[in-house]
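# Observations on the model geometry
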Amino acid sequence: MGIFDADDKDRDVSRELLLKENRISNYETTIIGKGKQAIYVSANVSLRLDEQGSFAGTQGVFRDITQKKKSELERERLMKELSDRYNEMMQFNYIVSHNLRAPIAQLLGLTSVLKYNLEEEEKQKVLDSLATSTRSLDELLKDLNTILSARSTISQRVEEVDLAEIAESVRNSLTLQLKESAAGFSVHIHPAIRSVRS
């Protein structure tokens, strides 16, 4: 076996280094072993020249560093997994501290309104708003459950999001507040941006 048993990219790099410097030291690459499995090696190779100074071959020593490389790759995998878990925790923290408070605040506000003597029509509107806020809270809890049970990062979870549907959901959850404050709510989504990836 020799350094040129490495894959094409490594072979080209190692050949270039060898021709330029006449030797390479501690060059890490892979070679193919007898069982056709990749073996990580650290190579020290030098050119052999004949009496006229012409290329006569190469000579070198290859040190098997497969276990070392496997340990490094495992460490990198564990670091990535740790980073993924951290990202999940940050996403969870954001949802709890921001998204979860809104529907709970709405529910508290709506239930306090029910203490007053309301006309049947107003009472029905409050009940409808309660149902909407409860559904929003249920959806949020489902999302939290997905985050907690997922084995991959949130950023790797890709799905289509309908912006118009989200805007309508927000408008519905704010119906009572919009009416009480006589505020308007309008959303204009460019036709080319009907949905996004999230």
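A short tour of the structure in this document, coming up. Just so you know, the residues in each chain are numbered from 1, in the order the chain's sequence is written. Confidence filtering applies because this is a predicted model: local features only for residues at pLDDT of at least 70, side-chain atom pairs given and counted only at 80 or more, and all residues used for totals across whole chains, interfaces and linings. Where side-chain values are given, they derive from all heavy atoms of the structure, hydrogens and water being excluded.

## Structural notes on helix 3 (residues 101-113)
A run of H or I in DSSP counts as a helix once it spans at least four residues, and a run of E counts as a strand once it spans at least two, with each numbered from the N terminus. The span expected for a helix works out to 1.5 Å for each residue beyond the first. In this model helix 3 runs 18 Å from its N-terminal to its C-terminal C-alpha over 13 residues, within 8% of the 18 Å that 1.5 Å per residue would give. Throughout this description, buried means an accessible area under 20% of the type-specific maximum (1.4 Å probe, protein chains only), exposed means over 50%, and partly exposed covers the range between. If you check which residues of helix 3 are buried, you get Pro103, Gln106, Leu107, Leu110 and Val113. What you see down the axis of helix 3 is that its buried residues fit within an arc of 125°, all on one side. Among the exposed residues of helix 3, those pointing more than 90 degrees away from its buried face are Arg101 and Leu108. In this description, the arc belongs to the directions extending from the helix axis to the C-beta atoms.

## Remarks on the pattern of salt bridges
Salt bridge, as applied in this entry: a Lys or Arg side-chain nitrogen positioned within 4 Å of an Asp or Glu carboxyl oxygen. For the structure on display, the rule yields nine salt bridges. Salt-bridge contacts for Lys68 lead to Glu28; the nearest nitrogen and oxygen are separated by 3.5 Å. A residue pair is termed long-range when its members are at least 10 positions apart, and Lys68 in helix 2 (residues 66-99) and Glu28 in strand 1 (residues 23-32) qualify at 40 residues. Assessed through its relative accessible area of 41%, Lys68 is described here as partly exposed. Residue class for Glu28 comes out partly exposed when judged on its relative accessible area of 35%. Among the salt bridges present, the one from Arg77 reaches Glu81, with a minimum N-O distance of 3.0 Å. Separated by four residues within a single helix, Arg77 and Glu81 lie in helix 2, roughly one turn from each other. Among the charged side chains, a network of salt bridges with common partners joins Glu28, Lys68, Lys69 and Glu72.

This is a description of form; function is not addressed.
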